[in-house]
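Residues per chain are reported as follows:
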Amino acid sequence: MAYLIYRSEVTLPVHGYNNTWEEEAQWYQTICANLFEGDDGMGMCIWFDWPSRGTALGYLPDRGLAEACAPDLADVLQVFYNWLVGMQQSAAASPGDVASVCRAKTSIIAHSMGNYLLERVMFLLWRRLNQPLLVSLINQLLMVAADVDNDLFKSGESVQNTDGEGIANLTYRVTALYSGLDAVLGASAGLKHFGKRRLGRSGLDETCPLPDNVWEVDCTPLLPGGAAFSDDWKVHSIYFEDEKIVELMREVLRGTDRDILVARGVVAG
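The paragraphs below set out a description of the structure included in this document. The shown structure was predicted, so the numbers you read here are calculated from the model rather than taken from an experiment.

About the criteria used
- Residues numbered from 1 in each chain as written.
- Predicted model: local features only at pLDDT ≥ 70, side-chain atom pairs only at ≥ 80, totals over all residues.
- Heavy atoms only, no water.
- Helix = DSSP H or I, 4+ residues; strand = E, 2+ residues; numbered from the N terminus.
- Buried < 20%, exposed > 50% of the residue type's maximum accessible area, 1.4 Å probe, protein only.
- Polar contact = N/O pair within 3.5 Å; in protein donor to acceptor, adjacent residues only side chain to side chain.
- Contact = heavy atoms within 4.5 Å.
- Axes fitted to C-alpha atoms, helices over the stretch in contact; angles between N-to-C directions.
- Parallel < 35°, antiparallel > 145°, perpendicular 65-115°, else oblique.
- Left-handed = near helix turned anticlockwise from the far one by under 90°.
- Nonpolar A, V, L, I, M, F, W, Y, C, P; charged D, E, K, R; others polar.
- Salt bridge = Lys/Arg side-chain N within 4 Å of Asp/Glu carboxyl O.
- Disulfide = S-S within 2.5 Å.

## Section: the side chain of His236
Phase 1: Residue position: His236 is located in helix 8 (residues 235–238).
Phase 2: For His236, a relative accessible area of 9% translates into the label buried.
Phase 3: Here the side chain of His236 touches Ser112 through a polar contact of 2.9 Å, side chain to side chain.
Phase 4: A polar atom in the side chain of His236 sits 2.8 Å from the side chain of Asp182.
Phase 5: With residues up to four places along the chain from it excluded, the contact list for His236 reads His111, Ser112, Ala145, Asp182, Val184 and Leu185.

Okay, here's the thing in structure tokens:
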């Protein structure tokens, strides 16, 4: 256990809405099997569970529950932040003691409405921790099929106290995975349409300025058959099963540079 804490990645997956506990557990097992087990595993995967109603008609109640859970996850991540700061201070105090320096990095994989929960969490933490901000709390954030507004980062590099600033300022790199074939997010937008398109279906709003550490990947070409993929209702969850997308996630969590991912053909230019 000590080896994992000091030498590997620590990743928190945050599930979306309309999931029973059993479905969430299965989703977590899929992520562990595809990314965190075996000789090339990505380190430690810690499941954060929030109480989804587990029904298709529970969208609005789930949204309220996600927001209500934000302070709980914020407390967890603040413990992580305090640990990182403490280890940075220990490293500075003993610069020659390389073996004892904590090299662990915290990353998050948020799916669907889990991104709305994370949006609220990071906004809370940004207000708590930015006086001053000493380290990046999250190394890599994967926003998978995100059920949030696609202009979330509209303030760009400026500080305007908007919802996306917490994510952008507390994270080293944000990667949004989306597909225009996602019928679940299409139904979500039609159900309530809180003012903007869904990030996980339309990608980032390119009419807005974007922080330099935020980028997007259209995963439609990575699906079996690409744009001809026939089961558009499955697209919302296929990210965690499709071999090409799983490999993309692995490279992102490793911190591989965007230009390298393009050069290797993992993503389109």
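## Comments concerning unusual backbone geometry
Peptide bonds are trans in most cases, and residues, glycine excluded, mostly fall at negative phi.
Phase 1: Here the phi dihedral of Ser112 falls at roughly 55°; this positive angle occurs in a residue that is not glycine.
Phase 2: The residue Ser112 is located in the loop between strand 3 (105–111) and helix 4 (114–129) in this model.
Phase 3: For Ser112, a relative accessible area of 3% gives the class buried.
Phase 4: For Ala145, which is not glycine, the phi torsion reads 45° and is therefore positive.
Phase 5: Topologically, Ala145 is positioned in the loop between strand 4 (138–144) and helix 5 (165–170).
Phase 6: For Ala145, a relative accessible area of 0% translates into the label buried.

## Observations concerning the packing of helix 2 (residues 21–36) against helix 9 (residues 243–254)
Phase 1: Axis separation between helix 2 and helix 9 bottoms out at 10 Å; the angle between their running directions is 70°. Between helix 2 and helix 9, the interaxial angle falls into the category roughly perpendicular. Crossing hand, helix 2 versus helix 9: right-handed. Along the contact surface, helix 2 presents Asn34, Leu35 and Phe36, while helix 9 presents Val246, Met249, Arg250 and Leu253.
Phase 2: Looking at side-chain class alone, the contact of helix 2 with helix 9 contains five nonpolar, one polar and one charged residues.

## Looking at the pattern of salt bridges
Phase 1: In total, this model carries 12 salt bridges according to the counting rule given.
Phase 2: Arg250 is the partner of Asp40 in a salt bridge, and the nearest nitrogen-oxygen pair spans 3.8 Å. Here Arg250 lies in helix 9 and Asp40 lies in the loop between helix 2 and strand 2 (43–45), a separation of 210 residues in the sequence.
Phase 3: On the basis of relative accessibility, which here comes to 43%, the residue Asp40 falls in the partly exposed class.
Phase 4: Take Arg250: its relative accessible area is 8%, and that puts it in the buried class.

## Comments concerning the state of the cysteines
Think of a disulfide as a covalent bridge from one cysteine sulfur atom to another cysteine sulfur atom.
Phase 1: On inspection of all chains with the given rule, the structure shows zero disulfides.
Phase 2: Here Cys45 is not disulfide-linked; the sulfur of Cys32 is the nearest cysteine sulfur, at 4.0 Å.

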